[in-house]
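Given next are the chains, with one letter for each unit.
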Amino acid sequence: MTDRGTPTLTGNRGLRIEEPLIFEQGHPGKTGVDLPEPPDMPDRLGGLARTGPIGLPGLSEPEVVRHYTRLSQKNYAIDAGFYPLGSCTMKHNPRLNERMARLPGFADLHPFQPESTVQGALAVMHRLSDWLLGLTGMQAVALSPAAGAHGELCGMQAIRAALDARGAGERRIVLVPDSAHGTNPATAALCGFKVRGVPGDARGRVDLDAFREALDDGVAGVMLTNPNTCGLFENDIMDLATAVHEAGAYFYLDGANFNAIVGRVKIADLGVDAMHINLHKTFSTPHGGGGPGAGPTVLSAALAPFAPLPHVVADGAGYRLIEHVEGEMQPFGRMKGFHGQFGVFVRALSYVMSMGADGLRQASGDAVLNANYLLARLGETLTPSFAGPCMHEALFDDRFLKGSGVSTLDFAKAMIDEGFHPMTMYFPLVVHGAMLMEPTETESRDSLDAFCDAVLALADRARSGDAAFFTEAPRHTPRRRLDETRAARQPVLRWEPPEPAKAAE
Amino acid sequence: MRYLPLTDDDRRAMLARIGAASMDDLFRDVPAEALTGVRFDDLPDHATEMAVERDLAALAARNSPAGAGPCFLGAGAYRHHVPATVDHLIQRGEFLTAYTPYQPEVSQGTLQTLYEFQTQVALITGMEVANASMYDAATGVAEAAAMASRVTRRKRVLVAGGVHPHYADTTASFLRYTDIDVEVLDPDPMGIADLIGRLNEGLACLVVQNPDFFGRLSDLSALAQACHAEGVLLVVAVAEPVSLGLVTPPGAMGADIVVAEGHALGSPLNFGGPGVGLFASRKKFVRHMPGRLAGETVDEDGRRGWVLTLSTREQHIRREKATSNICTNSGLVALAWTIHMTLLGEAGFTRLARLNHMKAVELVGLLETVPGLTVVTPTFFNEVLVRLPGQDAAGIVDALAERGILAGVPLSRFWPTYPELADGLLVCATETTERDDMEALARALTEVLA
Amino acid sequence: MTTLYYTEDHEWLAVNGETATVGITDYAQKQLGDIVFVEVPEEGKTLAKGDEAAVIESVKAASEVYAPASGTVTEGNEALADAPGTVNDDPMGDGWFFKMTLEDTGELDDLMDQEAYDAFVAGLE
C-alpha cells in the first residue's frame with residue numbers, strides 16, 4: 001500500500017469529489033428559483049436602473065444541492081468527530097434547538113411588528129435573561145451583543161460609562177494578563193483604554209503580588225479569564241476582586257470558559273462586575289463555521305444602569321421592548337441593529353430548558369472530569385504545563401517533542417490524518433508550543449480513549465525519530481498543507497473571469 | 001440526561017484513573033465560599049424533548065407571524081421567500097457544527113463557500129473586494145467608519161439623515177470612546193441634496209444609505225466626486241440587498257466602502273437577528289479591513305485551495321493594534337445568503353429585484369387612491385414613506401394590526417421625540433406581497449382614515 | 001565611510017555622516033519567517049527615537065519597526081510593497097526599509113556595534 005494511493009484520472013477519490021467554483025459552472029440564463037413574471041409597468045427608479053450584467057453564474061436547483069453537498073464533505077465537524085479545540089467549547093449541538101428556532105411563531109417575526117403581536121418572543125428574551133441572571137447571580141443582562149468579542153465591548157463600554165458618570169473618566173489603564181485572549185486587549189483599545197500587562201506565576205495563575213503592584217488610581221478595570229486560558233481556576237480570585245474594587249476599578253470577567261463552572265458557581269459571588277456569556281459555547285448553539293454566535297453580557301449593580309438598549313421588561317400587562325431612554329437608565333448606546341441574535345436566544349433557551357439547573361451542573365462536572373481524564377492519560381507521555389487538577393481544558397506544551405524535529409503544528413497535522421480535529425495550538429502564549437485540549441462534556445469515555453490512544457501512539461512515533469511522518473502530514477485530507485505565504489503576499493480574494501473571457505466582453 | 005454520554009460507572013472509573021476522590025475534588029481550586037451552598041432555585045430541572053417542545057411551542061403561539069396576514073413591514077428587515085433548499089443545506093452537520101476554518105486542510109468546504117460569498121458580494125455591490133462578513137449591517141457601518149479613519153488618518157465621521165437610525169446609533173455608540181467624533185444628522189426624508197456643502201478635509205468619511213431609510217433612491221455619483229475632492233471616503237449602506245439586482249450599485253457610483261444587510265436573503269426574519277453584514281471596499285484598502293478574509297492559494301501538491309489570509313490585521317495576532325476586535329463573524333448566515341444567491345443566479349436575482357420593484361409600484365399606485373394619505377418618496381425600490389396628515393401613524397398601525405394587517409413601520413418608533421415625524425409610515429412590498437394584500441391594506445386604511 | 005549600528009529590536013542602521021539607512025537584521029527576518037507585507041514611512045515624515053516607523057508582517061506575526069534614532073525620512077523603500085520577500089532574501093542590502101537624516105548623531109552612542117550585536121544575538125540562542 002502506498003502512502004496516498006494511486007492517483008485517479010479525474011483527481012476525485014471515491015467519496016471525495018473535486019468541486020469547481022460556482023463561477024466555473026452553470027450558464028447565465030439558468031436559475032434554481034422559479035419566480036412569476038414581473039408586471040410590466042413604468043419603473044420608479046429615477047433613471048438608476050442597472051446597466052449591463054452583474055456576472056453571477058446560473059445553476060439549477062439540483063446543481064446547487066450537489067455543489068454545496070460536495071463542499072460540505074470537505075469539512076470536519078462535531079457531528080463527525082472529536083473536536084477538542086481549547087477555549088472554543090465544541091460541544092454537541094442539539095437538533096431540538098434548531099427545530100424550535102424554526103417554529104414560524106419565532107422565525108417569521110418581523111423586528112418592528114407591534115408589541116402586541118410579539119409577546120411570545122419578548123417572553124423568550126425575558127425568560128432567557130432571567131435564567132442567565134439566575135445562573136450568574138448578577139443584576140442585569142444586555143442580550144444584544146452578537147458574539148463574545150462584542151460582549152467584551154459591551155462590558156468595557158459599560159465600565160467606561162460608569163467611570164465617566166462618577167467623574168473618574170481619567171482612569172484609562174486596563175490590566176490584562178499575558179495569557180489573555182487577543183480580543184481582550186483589542187477590546188480595551190476600542191474603548192480608549194491603554195493595556196497594562198500582568199505576568200503569570202509558576203502555577204499558571206495571575207501573580208497576586210504583581211497584580212496588586214500594577215493597581216493604581218489610573219486603573220479603570222481588569223480583564224480576566226476564569227477559568228483562565230491555561231485551563232486553571234484562579235484560586236486567588238476573591239482577593240483579586242477585592243483588590244480591584246479597593247483600587248476603585250471594575251472587574252471584567254471573560255466568560256469564554258464559563259462551561260467549566262456553569263450550574264456550580266455564581267460569578268457574582270466572585271466579585272465580578274461584568275461578564276459575557278458565549279451562547280455558542282456554554283449554551284450549545286452551533287458555531288456554523290464561524291458564527292453567528294451571541295454574547296449576552298451580565299452586569300453588576302454598579303454597571304447595570306449603563307446597559308445598552310434595547311431592554312425587555314415585564315409589567316403587569318405583558319412584556320415591553322424598551323428602545324429609547326426611560327426613567328433612570330443611562331445606556332451607553334446601542335450595539336447592533338434590531339434586538340439582538342434572537343434566533344440564537346431561542347436555541348439557547350431550548351438548551352437551558354432541556355438541561356435545567358441539575359443538568360448544567362452535571363455538564364460542567366463532566367466537562368471538568370473529561371479534561372482531567374485527558375490530563376491523566378496523556379500527562380504521563382506528553383508534557384503538561386502545570387499541575388492539575390485542571391478545569392474544562394488541559395494544557396500541554398512541546399517539551400515532549402524536544403529534539404524530535406516535530407513541531408506542535410506538525411503534530412496537529414498528523415492528528416488530522418488520524419481522524420481527529422487538532423487542539424488549539426500556540427495559545428496561550430505563555431507556554432512554548434502550546435496544545436490546549438477541551439473535550440467538553442458531550443464526549444463519551446470511549447471517544448476520549450480513542451483520542452488518547454491515537455495521541456499516545458503519535459507521541460511514540462514522534463520520539464522514534466520518524467519526523468517525516470509528521471512534517472508531511474496531512475496526507476489523507478481533501479487538501480494537504482496550503483501555502484499561506486503565497487496567499488498573503490499576492491492576495492487573491494475573489495474569483496475573476498479568465499483573461500480571454502474578459503477580452504471577449 | 002440525553003446530551004451527556006458518561007454513565008455513573010464511567011465517572012467512577014475515570015475519577016479512579018485521575019486519582020481524585022470525587023467530582024468535588026476536581027473543583028478544589030474554587031474558593032469554598034463560592035462553591036458550597038450555591039442554589040439555582042430560579043431554574044427548573046432538566047426536561048424531556050417533548051416537554052421543551054410543548055413549552056416553546058406555546059410561547060411561539062403567543063406571536064402572530066408576519067406571514068399570517070398581509071405584511072408591509074420593512075425598515076431594514078425585508079420578508080423574502082427563502083427556497084427550501086437553503087435551509088436543508090445549511091443544516092448539514094458539516095456546515096452547521098464546524099468551527100471557524102482554522103485548519104484549512106479539513107475546512108475547504110467552509111473556505112470555498114466564503115470565497116464564493118466574497119466574490120458574489122463584490123459583484124453585486126460593484127466593488128473590488130469583500131470580506132467574509134460582519135455581524136450585521138449596523139456593526140458593519142460602524143466598522144466602516146473606523147476603517148475610513150484608519151485609511152484617511154482623519155478623526156471625524158458624518159452620518160447622513162437618511163441612514164437607518166440603528167446603523168447611526170450603533171456607529172455613534174461603537175466609536176463613542178475612541179478618538180473619532182461621530183456626527184449624526186437629523187432624520188431627513190429629502191435625500192442627499194444638502195450633503196455636499198458639509199464636506200471638508202477634516203472628515204474621514206460620509207455615511208449615506210441607498211435606497212435610504214425612507215426608501216428614496218439617489219444617484220450618488222456627484223456626491224462621491226465631491227467627497228473625493230476633499231479626500232473624504234464615501235461609505236454606502238444598503239439595507240435591502242435585493243435592490244442591487246436592479247439598481248446601479250454603489251461601486252459604480254464611486255463608493256469607497258459598501259456595507260449591506262444580507263439576512264433578507266437566505267434567512268427568515270428571526271425577529272431581526274442574527275443578521276449578516278456584507279462588507280466590500282476598494283482593493284487598496286484591504287489591509288485596513290476588519291474581519292476575516294478567505295484567499296486562494298495552492299497546497300503542497302500544487303492543487304488549488306483556500307485559506308484565511310491577511311490575518312495579521314486581526315485581534316489574535318495584533319491584539320490592541322488590531323483593525324477590530326471581531327473574531328466570530330456570521331458564517332452560517334453568510335452561507336445561507338450565498339446559497340440563496342447561487343440558486344437565484346444572474347437571471348433569478350435580477351428578476352427577483354424587478355418583481356420587488358414592480359410590486360412596490362403597484363402598491364404605491366393603490367395607496368395614492370387612499371384619501372388622507374400622501375406618498376412622499378419619489379424614486380424608490382420596494383419601500384416608500386407615506387404621510388397620514390393629522391394622524392398618529394403608530395395608532396393607525398395598531399388599529400390595522402387588530403384587523404390582522406401589519407401595515408408598516410411608524411417613524412415614531414425610531415424618533416418618538418420628533419412630532420413632525422409622527423404621521424410618517426414606512427410601507428414596503430416584496431415578492432411575497434399579493435394583490436389581495438395590497439387591496440386589503442388600501443381598504444383598511446381608507447376606512448380607518450375616514 | 002559607512003558605519004553599522006544595531007538595536008536590541010534587531011534593526012540595523014548604516015550611518016554615513018548625517019544620513020542613515022535602516023533595515024532589520026538577518027536574525028530578525030529568520031525569526032519572523034516568510035515576510036508577506038511591509039509598510040515603510042513616507043518621505044518627509046519626522047520621527048523621534050522610539051516612534052513606530054514601519055510595519056512588518058509575516059503570515060502569523062506582525063511587528064513594528066521603531067525609529068532607532070530621531071530624524072526625518074528622506075526615502076522609503078517602495079519596492080518592498082510588491083516584493084516583501086526581499087527582506088528575507090537580502091535583509092542587509094536590497095531589503096532596507098527607509099533612509100533618514102539624523103537629528104542628533106549623539107543618539108547613536110546608545111546603539112551596538114557589530115561585535116556587540118553578535119554577542120547579543122549569541123546570548124539569545
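S.K.: Go over the pairing of strand β1 (residues 3–6) of chain C with me, naming the residues and quoting the values.
M.R.: Residue and element names in this part refer to chain C. In this structure, β1 lies alongside strand β2 (residues 11–16), joined through four bridges in antiparallel fashion. Across the sheet, T3 pairs through a bridge with V15, a residue of β2. The hairpin formed by β1 and β2 contains four residues between the paired strands, and H10 there has a positive phi angle of roughly 65°.

S.K.: Outline the packing of helix α9 (residues 342–379) of chain A against helix α1 (residues 8–18) of chain B, supporting the account with residue identities and numerical values.
M.R.: α1 of chain B packs onto α9 of chain A with a crossing angle of 45° between their chain directions and a minimal axis gap of 9 Å. Comparing their axes, α1 of chain B and α9 of chain A come out oblique. The chirality of how α9 of chain A crosses α1 of chain B is left-handed. Residues Q362, D366, L369, N370, N372, Y373, A376 and R377 of chain A of α9 of chain A touch α1 of chain B, and the partners they reach there are R11, M14, L15, R17 and I18 of chain B. Class assignment for the residues of the contact of α9 of chain A with α1 of chain B results in six nonpolar, three polar and four charged.

S.K.: How would you summarise unusual backbone geometry if you had to cite specific residues and measurements?
M.R.: Generally, phi is negative for residues other than glycine and the peptide bonds are trans, each holding for most cases. The omega torsion of the bond from A473 of chain A to P474 of chain A falls at 0°, within 30 degrees of zero and hence cis. As for its placement among the helices and strands, P474 of chain A is situated in the loop between α12 (467–471) and α13 (484–489). Following N210 of chain B, the chain continues into P211 of chain B via a peptide bond in cis, with omega recorded as -10°. Residue position: P211 of chain B is located in the loop between β4 (203–209) and α10 (221–229).

S.K.: Before we move on, can you summarise the interface of chain C and chain B with the specific residues and values?
M.R.: Counting residues at the interface gives 13 residues for chain C and seven residues for chain B. At the junction of chain C with chain B, the criterion picks out one salt bridge. Among the elements of the structure, β4 (35–39), β6 (52–58) and β7 (62–66) of chain C are those that each provide at least two residues to the side of chain C that touches chain B. Top element by residues in the side of chain C that touches chain B is β6 of chain C. It accounts for four residues. In terms of residue class, the side of chain C that touches chain B is made up of seven nonpolar, one polar and five charged.

S.K.: So what about the pattern of salt bridges? Which residues, and what values?
M.R.: Within this structure, the stated rule accounts for 49 salt bridges over all chains. For D466 of chain A, the salt bridge is made with R461 of chain A, and the minimal N-O distance between the two is 2.9 Å. In this structure D466 of chain A comes out as partly exposed when scored by relative accessible area, which is 27%. In this structure R461 of chain A comes out as partly exposed when scored by relative accessible area, which is 34%. Between K155 of chain B and D179 of chain B there is a salt bridge; the shortest N-O distance is 3.4 Å. In this pair, K155 of chain B is assigned in the loop between α8 (137–152) and β2 (156–159) and D179 of chain B in the loop between α9 (165–174) and β3 (181–184), connecting sequence segments 24 residues apart. Among the ionic contacts, a cluster of salt bridges with common partners joins R480 of chain A together with D299, E300, D301 and R303 of chain B.

S.K.: How would you summarise the sheet that holds strand β7 (residues 297–299) of chain A if you had to cite specific residues and measurements?
M.R.: Residue and element names in this part refer to chain A. Spatial strand order, β1-β7-β6-β5-β4-β2-β3: seven strands in an open sheet with mixed pairing. The sheet is open, and its two edges are formed by β1 (140–142) and β3 (194–198), each paired on a single side. Direction aside, neighbouring strands of the sheet carry axes that sit 25° apart on average. When strand β2 (residues 173–177) meets strand β4 (residues 219–225), the two strands line up parallel, connected through three bridges. From the neighbouring strand, I173 faces β4, where its bridge partner is V219. Contacting β1, β6 (274–276) and β7, helix α4 (residues 119–136) crosses the sheet at an angle of about 125° to β1.

S.K.: Give me the lowdown on the pairing of strand β11 (residues 383–387) of chain B, citing residues and values where you can.
M.R.: All names here are of chain B. Judged by how many residues are buried, β11 sits mostly within the fold: five of five residues are covered. The two faces of β11 match: E383, L385 and R387 on one face and V384 and V386 on the other face are all buried. Pairing of strand β10 (residues 374–375) with β11 involves two bridges; the strand directions are antiparallel. Considered in β11, the bridge of T374 is made with R387. Taken together, the five bridges between β11 and strand β13 (residues 424–428) define a ladder with antiparallel strand orientation. Bridge pairing in β13 places V386 opposite L425.

S.K.: Now, about the environment of L21 of chain A: what can you tell me, with residues and values included?
M.R.: Summarising the element assignment, L21 of chain A is placed in the segment before α1 (61–72). A relative accessible area of 0% places L21 of chain A in the buried class. Along the sequence, L21 of chain A and A80 of chain A sit 59 residues apart, while their C-alpha atoms lie 25 Å from each other. Ignoring any residue separated from it by four or fewer positions in sequence, one finds L21 of chain A in contact with H67 and W495 of chain A together with Q112, Y115, E116, R304 and W306 of chain B.

S.K.: Explain α10 of chain B to me, and be specific about the residues and the numbers.
M.R.: All names here are of chain B. All of the buried residues in α10 are L223, A224, A226 and C227. Axial view of α10: buried residues confined to an arc of 165°, hence all on one face. Opposite the buried face of α10, by more than 90 degrees, sit the exposed residues Q225 and A229. Each element contacted by the buried residues of α10 is listed here: β4, β5 (233–238) and α11 (250–253). Taken from the residues just after α10, G231 is the one with a positive phi, measuring 75°.

S.K.: Explain the interface of chain B and chain A to me, using residue names and the numbers behind them.
M.R.: In this assembly, 190 residues from chain B lie in contact with 210 residues from chain A. Counting the surface lost from both chain B and chain A, the interface buries some 17700 Å², and carbon and sulfur atoms represent 62% of this. For chain B, the biggest contributors to the area lost against chain A are Y3, Y177 and F271 of chain B; these three give 6% of the whole. For the pair chain B and chain A, the interface holds 15 salt bridges.

S.K.: Which residues make up the domain arrangement of chain B, and what values do they have?
M.R.: Residues and elements named next belong to chain B. Annotation of chain B at the domain level lists domain 1 (68–80 + 346–449) and domain 2 (84–340). Computed from C-alpha coordinates alone, the two centres of domain 1 and domain 2 are separated by 28 Å. Between domain 1 and domain 2, the contact holds 29 residues from the first and 27 residues from the second. Together, the buried faces of domain 1 and domain 2 total about 2400 Å²; carbon and sulfur atoms form 74% of this surface. It is F349, F381 and W415 in domain 1 that bury the most area against domain 2; as a group they hold 25% of the surface buried on that side. One can count zero salt bridges joining domain 1 with domain 2. Scanning the region where domain 1 abuts domain 2 turns up seven residue pairs in polar contact (both at pLDDT 80 or more). Sorting the residues of the side of domain 1 that touches domain 2 by element identifies α13 (331–367) and β11 as the ones contributing at least two each. Looking at which element gives the most residues to the side of domain 1 that touches domain 2, the answer is α13, with seven residues. Looking at the side of domain 1 that touches domain 2, its residues break down into 17 nonpolar, eight polar and four charged.

S.K.: Tell me about the domain arrangement of chain A, residues and numbers included.
M.R.: Quite often, the size of an interface is put as the accessible area lost when its parts meet. All names here are of chain A. Split by domain assignment, chain A resolves into domain 1 (96–353) and domain 2 (362–475). On a C-alpha basis, the centroid separation for the pair domain 1 and domain 2 is 31 Å. The partner domain 2 presents 17 residues to the 22 residues of domain 1 that form the contact. With both sides pooled, the region where domain 1 packs onto domain 2 buries about 1500 Å², and carbon together with sulfur makes up 60% of that total. Inspection of the domain 1/domain 2 interface yields six residue pairs in polar contact (both at pLDDT 80 or more).

S.K.: Provide a residue-level description of the packing of α1 of chain A against α13 of chain B, including the pertinent values.
M.R.: Two numbers describe how α1 of chain A lies on α13 of chain B: the axes approach to 9 Å, and their chain directions differ by 145°. Once α1 of chain A is placed against α13 of chain B, the crossing between them reads as right-handed. From α1 of chain A, E61, V64 and Y68 of chain A reach across to α13 of chain B, where they touch T338, I339, T342 and L343 of chain B. When the residues that make up the contact of α1 of chain A with α13 of chain B are grouped by side-chain class, the tally is four nonpolar, two polar and one charged.

The rules behind the values
- Throughout, residues of each chain are indexed from 1 in the direction in which the sequence is written.
- All chains are assigned letters beginning with A, and all ligands numbers beginning with 1, in the order in which they are written.
- Since the coordinates come from a predicted model, pLDDT governs what is reported: local features require at least 70, and pairs of side-chain atoms require 80 or more to be given and counted, while whole-chain, interface and lining totals use all residues.
- In computing side-chain values, all of the structure's heavy atoms are included and hydrogens and water are not.
- Note on pairing: DSSP must find at least two bridges between two strands before they are called paired.
- Here a strand is any run of E in DSSP of at least two residues, a helix any run of H or I of at least four, and the numbering for each starts at the N terminus.
- In this description, a line fitted to the C-alpha atoms serves as the axis of each element, helices being fitted only across the stretch in contact, and the angle between N-to-C directions of two axes falls anywhere from 0 to 180 degrees.
- With respect to orientation, any angle under 35 degrees is reported as roughly parallel, any angle over 145 as roughly antiparallel, any angle of 65 to 115 as roughly perpendicular, and every other angle as oblique.
- Helix crossings fall into two classes, left-handed where the near helix is turned counterclockwise from the far one by less than a right angle and right-handed where it is turned clockwise.
- Throughout, a contact is declared for two residues whenever any of their heavy atoms are within 4.5 Å.
- Charged means Asp, Glu, Lys or Arg here, nonpolar means Ala, Val, Leu, Ile, Met, Phe, Trp, Tyr, Cys or Pro, and polar covers whatever is left, Gly included.
- The rule for a salt bridge is simple: a side-chain nitrogen of Lys or Arg has to be within 4 Å of a carboxyl oxygen of Asp or Glu.
- Under the scheme applied here, a residue whose accessible area is under 20% of the maximum for its type counts as buried, over 50% as exposed, and between as partly exposed, the area being computed with a 1.4 Å probe on protein chains only.
- Think of it as the arc spanned by the lines of direction from the helix axis to the C-beta atoms.
- When two parts are brought into contact, each loses some accessible area as probed by a 1.4 Å sphere; the total of that loss over both is the buried area.
- An automatic or database domain assignment provides the domain bounds reported here.
- Definition of a polar contact: a pair of N or O atoms within 3.5 Å, with one able to donate and the other able to accept a hydrogen when the atoms are protein atoms, and with sequence-neighbouring residues admitted only if both atoms are side-chain atoms.

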